[in-house]
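Below, each chain spelled out in residue letters.
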Amino acid sequence: MKSLTGKTLLAIATLTYLFMWVPTIILIVFSFSNDKLGIRWEGFTLKWYAEIFNNAAVRNALEMSLIIAIITIVVSTVAGTVTAYGLYKYKFRGKEVIRMSLLLPIVMPYIVTAGALLIFFTRVVDIPLGYPSILIAHISFSTPLAVFIVLGRMQRIDWSLEEASMDLGAGRLTTWRRITLPLLMPAVIASAVLIFPWSFSDFTITFFVAGVGNTTLPIYVYSALRWGETAAVNAIGAIFVALPLIGLLLINFLQKKRVI
Amino acid sequence: MENRESIPCVELRNLVKRFPGVTAVDHVSLKVEKGKVFSLLGPSGCGKTTALRIIAGLETMDEGDVLIDGKVINDVPAYKRDCSIVFQTLALFPHMTVEANVSYGLEQRKVPKDEIRKRIGEMVDLMGLGGMEKRRPSQLSGGQQQRVALARSLILSPKVLLLDEPLASLDRKLRKGMQVELKRIQREVGITFLYVTHDQKEALSLSDTIAVMDKGKLEQVGTPEEIYETPRTKRVADFIGASNIFPGKVTASGNGKVQLETEGGLRVIALEDKDIRSEEVTGISVHPELVEILPEGTGLEGDNRFKGRIVEMIYQGDFIETKICLDQTGGLITSYLSSRLNRETQFSPGEEVLVRWSPESSNILLG
Amino acid sequence: MPRGACPERHEILRYAQNDTKRRARNDKGMFFGSFQTAFRIVGEMPGNLREKIRKYLAKQAHLPSVGPVSIWTILFVIAPLGFILYFSFLTAGDFGRILPIFTLENYQALARPVVAEVFLRTLLFSLATTMICLLLGYPLAYFIVMYGGRWRIHLLLLVILPEWTSYLIRLYAIRMLSGRAGLINSALLSLGLISSPLGILYNPSAVVLTLVYGWLPLMVLPVYASLVGLNPSLLEASADLGATPFRRFFTVTLPLTKGGILAGIILVFIPCIGDWLVPLLMGGTKTFMAGNLVYLHFISAANIPAGSTIGVALTAIVLIIMYLCIKAGGKEATERII
């Protein structure tokens, strides 16, 4: 780095990166420590990771988080893509209203949506707390994400490709399947990549609407913190960090294998 | 009993298409002959691309009919029509190989695989695309992409091939080469081409018939010679390069000639045309290359001789675009002065000269 | 039957016979049968009525794609928000009951010193956090874009990755580091530098710093996006016209990235005002924020109207901020979510 500006920026950048990562890195490091409280170094061990897989509560929470995340991704990407298509292609009254209201779940503070949904599920309509309520909440948040990401991609596509396909004899459905969808794939995958971590690690909204006895992984972490059983938390935390990383590497690998 | 051969390949009857605020296609009727190249020529926004898209089925018409091979196809959706369009942007599927692109249409028709392979082989030979079957569009040059787009459409043997300014994005040299290619391919394959362009030179060199459009209306239909040498309206004349236009009315006739008096008071002589009534004439046009420049002293006797002063000479290589201000009216006349000639005569700006053209060169305008 | 031709009796009979045979052949059961009938009726309608129906259906073409999600949004996004607005005007009964008595006392309660203090604190914390995030995040984004080169994407991902891990875990990591029983304290204690644990965390600046730690990535993203979209020839033109780098930044770069800055402000400020985990995990009741009040009312005290009121107040603040930002920056600010 040559200039003074460059050096200053490098300094600021480095400090900021450290600021953001040091706590997490230390947490990961200490997840390998043989200390019950997970804050002192008492020797290297993998037992906390083992405990995760042996501990039924953790396994169930992990399972619940995964199931919810996967269902959310599938529903939200499909619904999001279809809606984005309709929003992009057609002109109709109320389009702006729909776009604005799709923005709502993303912009609202989590605590407000959490509370509103809880009240709605318990006092207004009778939706069971647990998988139904959590799924509804997650899908309500994730679909707008998918809509906007796919919409953004749509603005950069050459739509005469669809016309060419139809001109060559392919009907609407075939065109959609062979031309439109492949062209939208990067955006669909991008939304899946964004939705998964959000759904998997969401705490506030899930906590409010989960009801008694339904534990996702973040909820488990919360209870563990409340009751002081912190050692396993380090290991779980490391997993939370590792997951998106693995996901990203997977995407990278997949992108190299097939062309966008 | 109508002869099968005389049924036009494509026919438009009174086609109208309106967009908010503008009528893009205004009661256009035309017939496209089988096996020939038919061009829609006009400035940007004249409605030619819209008309093409209506024929392809990508736009709906408000009024009128589109017929292919004598059958009305107004309600037939695009994917069932027997025509194929080559887009200006080519619209090659970026995520498919050249092979997959070209075979796409055949796959939609459920043509068996070995038949597809055979036809692709023939098309690749015809287009000179050998060795590129497995590449993707992004790995091809502009000219190669052109040919893939053509191959993709031609392999379906459509009744008519619609081309929307396909050469617009190519540079000059490539464009000339592709024009020759296109003509060769059309001759070999024998399919009717319906070609849209704003480049009059392109239209003149490629077409068997040209239809000039402006602001949604059909101005004139004819062979390239007819369009170039006898444009019938001011707009066509201007567009085709007969840029010397004199609005006026017929004031006398006789001896096989007619005399017009222009708004500026010039007396212009043209040859009489028996099929045109004098009342319909609105002016005449003259191609710049038919306007001669003579030294000042030459006599004024004879038809279409006027005195003037050279105000501008723009060197264009093989000719010099010369603008002369006429003494009588103050209006400008454009002449293409041959560079070779000017080496002898040495005209220069500011010089007083005489311009003249023969009555045969005067083209009568009707609108 | 040919249209317009006047049918003979035997022709009618023959047509009816064939028609029935055709229908019997085609009848695939009631469901498809009704479609067949519908199509036939439509097919035999006078031309312009069919045209009118076709045009009407074409106008509704957007419904199948946009409809389902719109209905979902009305049901599960707008309705719940509408209901907390409704409930905020009702009275709380015993055992968490909501009494249908209209009252404004929930809103009046907002003015009580205890509550007002919390709101003020929330706003102050959020403002401070947003400012610091801007001051740290913009240079960071600028660094990545201008000096990142090949590593741009990697550097960006390094910033975003924390955002994808659990917020809870990240907060715990801070507590693990700086809490009373945390790493720093135990290290200092064991080194004999202090005699009792420091209360590093239990004060406002710690809360603000933790909030910055939590939400900084969301400021970097939109700023990065708008910096990346900058047309470099604009900067070149500015230099060519004689502007120093300093000037260039303030007259060209900054104004053109306004959209990204505003988006970043929205993306940081709004989660901040609703944050309840930082005070919960880090501080005591002394650092409570508005979000904690919501939790208290809804979960602990089962006082729905009171909690709803806080929610409405927070929503109002969000809407005001968004309105201000849109006014200041135009629609593109809202579109920069990713």
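Structural data are supplied above this passage.
The rules behind these values
- Residues numbered from 1 in each chain as written.
- Chains lettered and ligands numbered in written order.
- Predicted model: local features only at pLDDT ≥ 70, side-chain atom pairs only at ≥ 80, totals over all residues.
- Contact = placed C-beta atoms within 7 Å.
- Helix = DSSP H or I, 4+ residues; strand = E, 2+ residues; numbered from the N terminus.
- Nonpolar A, V, L, I, M, F, W, Y, C, P; charged D, E, K, R; others polar.
- Pairing = 2+ DSSP bridges.
- Axes fitted to C-alpha atoms, helices over the stretch in contact; angles between N-to-C directions.
- Expected span 1.5 Å × (residues − 1).
- Buried ≥ 20, exposed ≤ 12 C-beta atoms within 10 Å, placed from the backbone.

Draft legend 1. Local environment of the interface of chain C and chain A. Across the boundary between the two partners, chain C contributes 65 residues, which contact 65 residues of chain A. Ranked by residues supplied to the side of chain C that touches chain A, first place goes to helix 4 (residues 63-87) of chain C with 15 residues. For the side of chain C that touches chain A, the residue count by class is 50 nonpolar, 14 polar and one charged.

Draft legend 2. How the structure looks around the sheet that holds strand 16 (residues 305-315) of chain B. Residue and element names in this part refer to chain B. Taken together, five strands build an open sheet; the order of strands is 15-19-16-17-18 and the sheet is antiparallel. Since the sheet does not close on itself, it has two edges, and those belong to strand 15 (292-295) and strand 18 (332-338), each with one partner. Each neighbouring strand pair of the sheet contributes to a mean axis angle of 45°, computed without reference to strand direction.

Draft legend 3. Expanded view of the interface of chain A and chain B. At the junction of the two partners, chain A supplies 15 residues and chain B supplies 17 residues. Taken together, the elements giving at least two residues each to the side of chain A that touches chain B come down to helix 7 (160-167) and helix 8 (172-201) of chain A. Per-element tally for the side of chain A that touches chain B: the top contributor is helix 7 of chain A, with six residues. Split by residue class, the side of chain A that touches chain B holds eight nonpolar, four polar and three charged.

Draft legend 4. Examining the sheet that holds strand 4 (residues 63-68) of chain B more closely. Residue and element names in this part refer to chain B. Taken together, the four strands give an open sheet; going across it, the order is 2-1-4-5, and neighbouring strands pair in antiparallel fashion. Two strands close off the open sheet at either side, each with one partner strand: strand 2 (22-32) and strand 5 (71-72). In the sheet, strand 1 (residues 10-19) pairs with strand 2 via eight bridges, with the strands oriented antiparallel. Of the residues in strand 2, the one forming a bridge with Arg18 is Thr23. Sitting on the sheet, helix 1 (residues 48-56) touches strand 1, strand 2 and strand 4, and the angle it makes with strand 1 is about 115°.

Draft legend 5. Representation of helix 4 (residues 142-154) of chain B within the structure. When the terminal C-alpha atoms of helix 4 of chain B are compared, their 18 Å separation across 13 residues agrees well with the 18 Å that a helix rising 1.5 Å per residue should span. Every buried residue of helix 4 of chain B is listed here: B:Gln146, B:Arg147, B:Val148, B:Ala149, B:Leu150, B:Ala151, B:Arg152, B:Ser153 and B:Leu154.

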